[in-house]
Amino acid sequence: VQLQASGGGLVQAGGSLRLSCAASGGSLSGYRLGWFRQAPGMEREFVSAIMFSGGTTRYADSVKGRFAISKDTAKNTVFLQMNNLKPEDTAIYYCATTRIVWSEIANHKQYHNWGQGTQVTVSS
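Quick caveat, the model's predicted, so the values are computed rather than measured. (Residues numbered from 1 in each chain as written. Predicted model: local features only at pLDDT ≥ 70, side-chain atom pairs only at ≥ 80, totals over all residues. Heavy atoms only, no water.)

### Topic: the state of the cysteines
So, step 1. Per the counting criterion, the structure on display carries 1 disulfide.
So, step 2. Here Cys21 engages in a disulfide with Cys95; their sulfurs sit 2.1 Å apart. Looking along the S-S bond of the Cys21-Cys95 disulfide, the torsion reads about 75 degrees, which is the right-handed sense. Pair noted here: Cys21 is in strand E3 (residues 17–24) and Cys95 is in strand E9 (residues 91–98), with a separation of 74 residues, a long-range link. (Disulfide = S-S within 2.5 Å. Helix = DSSP H or I, 4+ residues; strand = E, 2+ residues; numbered from the N terminus.)

Quick look at the structure:
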């Protein structure tokens, strides 16, 4: 399965963006899909994840109440709606797939297939 992330851009603080992660070459059914972000000089950080079959979700504390992950099964795509963006949300955002147990879902080392990343920049 190949992943294509898109939807990043430049936005002012308080604004919104919607990221997409479109899969091709196979179905996301049975996978968990995670969103991670990485700022310059920082470790890759968990943002959110969803069970593509079923829809269970998880969020990092830093984005709870502001971000929402969702899926479109027919389009084989996962979305990340990001509202009330803050300058500290600035990073490259990546989507990735795993079949790891849900308790490990925030561990980026458990993901084996990554998209190319999309830049999100939030100005103050």
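### Re the sheet that holds strand E7 (residues 67–72)
So, step 1. The strand order E1-E3-E8-E7 describes an open sheet built from 4 strands, whose pairing is antiparallel. The open sheet has two edge strands with one neighbour each: strand E1 (2–6) and E7. Sheet twist, expressed as the average angle between the axes of neighbouring strands with direction ignored, equals 15 degrees. (Pairing = 2+ DSSP bridges. Axes fitted to C-alpha atoms, helices over the stretch in contact; angles between N-to-C directions.)

### Brief notes about the packing of aromatic side chains
So, step 1. As enumerated under the stated definition, the model contains 5 aromatic pairs in all.
So, step 2. Ring geometry for Phe36 versus Trp114: centroids 5.3 Å apart, planes at 55 degrees, classification tilted. Linking Phe36 in strand E4 (residues 32–38) with Trp114 in strand E10 (residues 113–114), this pair joins segments that are 78 residues apart in sequence.
So, step 3. With relative accessibility at 0%, the residue Phe36 sits in the buried group.
So, step 4. Under the relative-accessibility criterion, Trp114 is labelled partly exposed at 25%.
So, step 5. Taken together, the ring pairs connect Phe36, Phe46, Tyr94, Tyr111 and Trp114 into an aromatic cluster.
So, step 6. For the cation-ring pair, Arg44 lies above Tyr94, with the distance from its terminal atom to the ring centre recorded as 4.0 Å.
So, step 7. Its end group placed over the ring of Trp114, Arg44 keeps NZ or CZ at 4.6 Å from the ring centre. (Phe/Tyr/Trp six-rings, centres within 6.5 Å; stacked < 30°, edge-to-face > 60°. Buried < 20%, exposed > 50% of the residue type's maximum accessible area, 1.4 Å probe, protein only. Lys NZ or Arg CZ within 6 Å of the ring centre and 35° of its normal.)

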